[in-house]
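Overview (structure and organization)
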Amino acid sequence: MAEKPWVAFYWCGSCGGCEEAVVDLAEKILDVVNAVNIGFWPVALDFKKSDVEEKPDGFFAVSFINGTIESDEHREMVELLRRKSGLVVAFGSCSHMGGIPSLRNLYDVNDCVDYAYRKTVSTVNPEGTIPLPRYKHPSGHETTTMNLEPTGKALDQVIDVDYYLPGCSVPKHLILDAVMAILSGNLPPKGSVLSPSKALCSVCPRQETKPEKMQIKDIKRHHLSEDDGTCFNAQGMICMGPATRSGCGDPAKDNAPRCILVNMPCHGCFGPPDGTLDQGMAMLSAIASGLDYTPDEEAEIDRIIKKIGDLAGTFYMFSTAKSLIHGRPAGEGVKKPVEVPKEGGA
Amino acid sequence: MYEPKIVAFFCNWCTYTGADLAGVSRMQYAPNVRIIRVMCSGRVDPELVMKAFAEGADGVLIGGCHPGDCHYQSGNHKTFRRYKFLKAILPQYGLDPERLHLEWISASEGDKVRDTVNSFTEKIRNLGPSTVRETLNALRTEEVSHG
């Protein structure tokens, strides 16, 4: 029998949910480990960087890399894994589109560090200590950690990526399908997202209640409002379904979207369908055009915008790094990024 | 000397025809606008506006029919709402919302085309060049070029 292919798992700036997703395969993980050898998975097993370095180039059949690329350390590791792997799969929303951590791109990185370590209400840091990339102890011992990069990046903004597994976290049926496809060599063209490209609405159980013409009068928070079981957007609860690809739903449950099944609007973790340049703008367009107000009712439109509050955070929750302008501040008004929109119009 | 680059999306039925009128009337206006004719201002997807900024536009001008005059009934109503949303999201991206402007200009208002283009160009001139393209280029050199 031919030797089983080697795979690697690695995490960058991530919450660990994607690792959890692999563990969540439960007994199915036995099928996976029967079929492959795990050569690198520092989260779960005791591996060192040298375990990768000593392997020849292209040794791993596939590397699954999750998390946003946030630092020079992440960059170094993914570049190493790229050299050592035949295929690289961006695993989960963060490596696919930047994910939630890349929302920091809307701010200056130093402000983010300052806020996280000194200013949050739960922070107790009387000396104002923040982590340094390099520290020399008076005894002479020197230690280095990592340098945060100015922006968080999706994996394909740093290395060449072969396939994308979307989702926060990736649902297990997609993981299994992907592993089996890789093992059998039955793969779609390079650069494909391994999930259907149709919009989420197409498989939504509430699809039938989606009106022909949206007439949104008000914006509601789903945790503060009564849900009548119809289309969330029609009810005024922002659901990213129209700008998000499907595939999160378990085929055993009619592919019904995960969040909708538990009465939550979609947050857009699967990213936009193929051909959409910018998920957030697509969604902004969908919500704005679905409002039932004319230009004469400008005050109402302002009220709606104010009620949504954080537009970028709502529409780009998972895709800031892959937005058209990467969420990179252009420098104007950087100090007041989430200010309530100004009055005024055409 | 900095010359603003302005991308203008003009609707076929009103503003573009108004620009034609300005032309045949030999009105002079700032040459900074690059006019793109669209069938309706409702065709101006917010993606297109962002793409214009990403590609280096210093300002984006949208011209549509007056409310009530839309050739497609309510296309410009949608434009207006998207415009309001865009104005609100631009500051989060560190862009001055003044860089985006919407004006209702009918087919008979050639002089309004001239005045709008001139005043918007002046406004953008005073705001200075947009740094989006520069920062994106810097970002791309940080990124490995591939594919």
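The structure under discussion appears in the preceding block.
These figures come from a predicted structure and were not determined experimentally.

Along the backbone of chain B there are 5 helices and 4 strands. Each helix and strand of chain B, ordered N terminal to C terminal, gives the series β-α-β-α-β-α-β-α-α. Compactness check: chain B gives a C-alpha radius of gyration of 16 Å against a globular reference of 15 Å for 147 residues, within 12% of the reference. When the backbone C-alpha atoms are referred to their principal axes, chain B occupies close to 50 × 35 × 30 Å. In chain B, buried positions account for 56% of the 147 residues. Long-range pairs, those at least 24 residues apart, make up 77% of the contacts in chain B between residues at least 6 apart in sequence. Approximately 6300 Å² of chain B is accessible, and the part contributed by carbon and sulfur atoms is 50%. Of the charged side chains in chain B, 18 are positive and 17 negative; the average position of the first set lies 3 Å away from that of the second.

Right, let's get into the sheet that holds strand β2 (residues 33-38) of chain B. Residues and elements named next belong to chain B. Pairing is parallel across the open sheet formed by 4 strands, whose spatial order is β2-β1-β3-β4. Each edge of the open sheet carries a strand with a single partner, namely β2 and β4 (100-104). In this sheet, neighbouring strand axes are inclined to one another by 20° on average, regardless of whether the strands run parallel or antiparallel. Judged from the 5 bridges that link them, strand β1 (residues 6-11) and strand β3 (residues 59-64) form a sheet pairing that is parallel. Within the sheet, the bridge partner assigned to Val7 lies in β3 and is Val60. Against the sheet, helix α1 (residues 15-24) touches β1, β2 and β3, its axis set at about 110° to β1.

Glycine aside, residues mostly have negative phi angles, and peptide bonds mostly take the trans form. All names here are of chain A. Here Cys168 and Ser169 are connected by a cis peptide whose omega angle stands at -5°. Among the secondary structure elements, Ser169 is positioned in the loop between β9 (163-165) and α7 (172-184). Despite not being glycine, Asn263 has its phi angle at roughly 60°, a positive value. In this structure, Asn263 sits in the loop between α9 (258-261) and α10 (279-290). The partly exposed category is assigned to Asn263, whose relative accessible area is 46%.

About the cut-offs
- Residue positions are given per chain, counting from 1 as you read along its sequence in written order.
- Each chain gets a letter, beginning with A, and each ligand a number, beginning with 1, in the order they are written.
- Where local features are concerned, this predicted model is filtered to residues with pLDDT of at least 70; where side-chain atom pairs are given and counted, the filter is 80 or more; whole-chain, interface and lining totals use all residues.
- Just so you know, side-chain values use all the structure's heavy atoms and leave hydrogens and water out.
- A run of H or I in DSSP counts as a helix once it spans at least four residues, and a run of E counts as a strand once it spans at least two, with each numbered from the N terminus.
- For this measure, only C-alpha atoms enter the radius of gyration; the expected value for a globule follows 2.2 Å times N^0.38, where N is the number of residues.
- Per-residue accessibility, obtained with a 1.4 Å probe over protein chains only, is compared with the maximum for each type, and a residue is labelled buried under 20%, exposed over 50%, and partly exposed between these values.
- The contact definition used throughout considers only heavy atoms, calling two residues in contact when any of these lie within 4.5 Å.
- Each accessible area value is a Shrake-Rupley result obtained with a 1.4 Å probe; residue values ignore everything except the protein chains displayed when judging cover.
- Positive: Lys, Arg. Negative: Asp, Glu. His and the chain ends are not part of the count.
- A single reference atom marks each charge: NZ on Lys, CZ on Arg, CG on Asp, CD on Glu.
- In this description, strands pair whenever DSSP reports at least two bridges between them.
- An axis is simply a line fitted to the C-alpha atoms; with a helix, the fit covers only the stretch in contact. Between two such axes, the angle follows the N-to-C directions and lies from 0 to 180 degrees.

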